[in-house]
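Here are the chains, one letter per residue:
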Amino acid sequence: MNTLYKVLWVKAHAGNIGNERADQLAKDATLHGQPYSLIKLPKPHIKGLLRKSMLEEWQTSWRNGDAGRKIYNIMPSVSLRPTNWIREDVIFFSQHGPFPAYLKRFHLSDSDFCSCGGIVTPFHYEQSVFTKCLGI
């Protein structure tokens with residue numbers, strides 16, 4: 001797969017998030033990076049270094065983030081390899097789906113309660129198989 005890159009001039013320090021990030025990385029490189037060398041490195045080596053750096057930054061962001069904590073508890077490590085999860089598993093464990101608790105959170109339902117008085121999440125559905133509170 002060929003990746004195309006487009007280089008554009010943008011006004012410095014104008015609040016462009018990508019430009020601000022590039023500026024910070026350039027400053028970090030001048031302070032903490034390796035000295036410039038005229039040695040040409042093979043592209044696969046450079047790609048490997050970039051991939052490693054990107055994965056480390058992604059892992060730090062995933063570890064310290066606020067979003068996706070339910071999935072983080074199941075999958076604390078990031079990876080470029082696809083998981084074997086099916087759609088239903090993702091919906092169940094992320095709790096993003098047609099569940100009353102999720103629908104109420106986004107004001108798509110008036111109630112998130114079950115007839116037993118519990119809040120209906122995917123885990124409540126799972127427990128209801130054993131308790132029969134949903135009449136399934």
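Cut-off values and rules
Residues numbered from 1 in each chain as written. Predicted model: local features only at pLDDT ≥ 70, side-chain atom pairs only at ≥ 80, totals over all residues. Heavy atoms only, no water. Helix = DSSP H or I, 4+ residues; strand = E, 2+ residues; numbered from the N terminus. Buried < 20%, exposed > 50% of the residue type's maximum accessible area, 1.4 Å probe, protein only. Contact = heavy atoms within 4.5 Å. Areas by Shrake-Rupley, 256 points an atom, 1.4 Å probe, with all protein chains shown as cover. Phe/Tyr/Trp six-rings, centres within 6.5 Å; stacked < 30°, edge-to-face > 60°. Lys NZ or Arg CZ within 6 Å of the ring centre and 35° of its normal. pLDDT = per-residue confidence, 0-100. Salt bridge = Lys/Arg side-chain N within 4 Å of Asp/Glu carboxyl O. Patch = residues over 30% accessible without salt bridge, like charges linked within 9 Å, V, L, I, M, F, W, Y side chains within 5 Å. Lys, Arg positive; Asp, Glu negative; His and termini not counted.

Here we come to the overall build of the protein chain. Scanning the protein chain for helices and strands turns up six helices and zero strands. Ordering the α and β elements of the protein chain from the N terminus gives α-α-α-α-α-α. Relative to its full complement of 136 residues, the protein chain shows a buried share of 15%. Within the protein chain, counting contacts between residues at least 6 apart in sequence, those at least 24 apart form 18% of the total. On the protein chain, roughly 11,900 Å² of surface is accessible, and the fraction owed to carbon and sulfur atoms is 60%.

All told, the structure shown has four aromatic pairs when counted by the stated rule. Clustering of aromatic rings is evident, with ring pairs tying together Trp85, Phe92 and Phe93. Lying over the aromatic face of Tyr72, Arg69 brings its terminal NZ or CZ to 4.4 Å of the ring centre.

Attention now moves to the side chain of Ser94. Note that Ser94 resides in helix H4 (residues 87-94). Setting aside chain neighbours within four positions, we find Ser94 in contact with Lys70 and Ile71.

This part takes up the environment of Lys104. Looking at the element boundaries, Lys104 is found in helix H5 (residues 100-105). Residue classification places Lys104 among the partly exposed residues on the basis of a relative accessible area of 33%. Excluding its chain neighbours within four sequence positions, the residues that come into contact with Lys104 are Ser109, Asp110, Ser111 and Asp112.

Averaged over the protein chain, the pLDDT score is 81; the fraction of residues at 70 or greater is 88%. Averaged pLDDT values for the elements of the protein chain fall to 70 in helix H6 (residues 122-131) and rise to 92 in helix H2 (residues 43-64).

A full pass over the atoms with the stated rule returns two salt bridges. Notably, a salt bridge pairs Arg21 with Glu57, separated by 2.8 Å at the nearest N-O pair. One end of the pair, Arg21, is in helix H1 (residues 17-32); the other, Glu57, is in helix H2, and 36 residues separate them in sequence. With a relative accessible area of 43%, Glu57 lands in the partly exposed category.

A cluster of nonpolar side chains, Ile39, Leu41, Ile46, Leu49 and Leu50, forms an exposed patch at the surface whose accessible area comes to about 490 Å². Position of Leu50 among the secondary structure elements: in helix H2. Among the residues examined, Leu50 registers a relative accessible area of 56% and is labelled exposed.

The backbone of Gln95 shows a phi angle near 60°, a positive value even though the residue is not glycine. Residue placement: Gln95 occurs in the loop between H4 and H5. In this structure, His107 takes a positive phi of about 55° despite not being glycine. For His107, a relative accessible area of 73% translates into the label exposed.

What follows is about the side chain of Asp112. Inspection of the secondary structure puts Asp112 in the loop between H5 and H6. Buried and without a salt bridge, Asp112 has Lys104 as its closest oppositely charged side chain, separated by 4.9 Å. The residues touching Asp112, leaving out its near neighbours within four places in the chain, are Pro100, Ala101, Lys104, Gly118, Ile119 and Val120.

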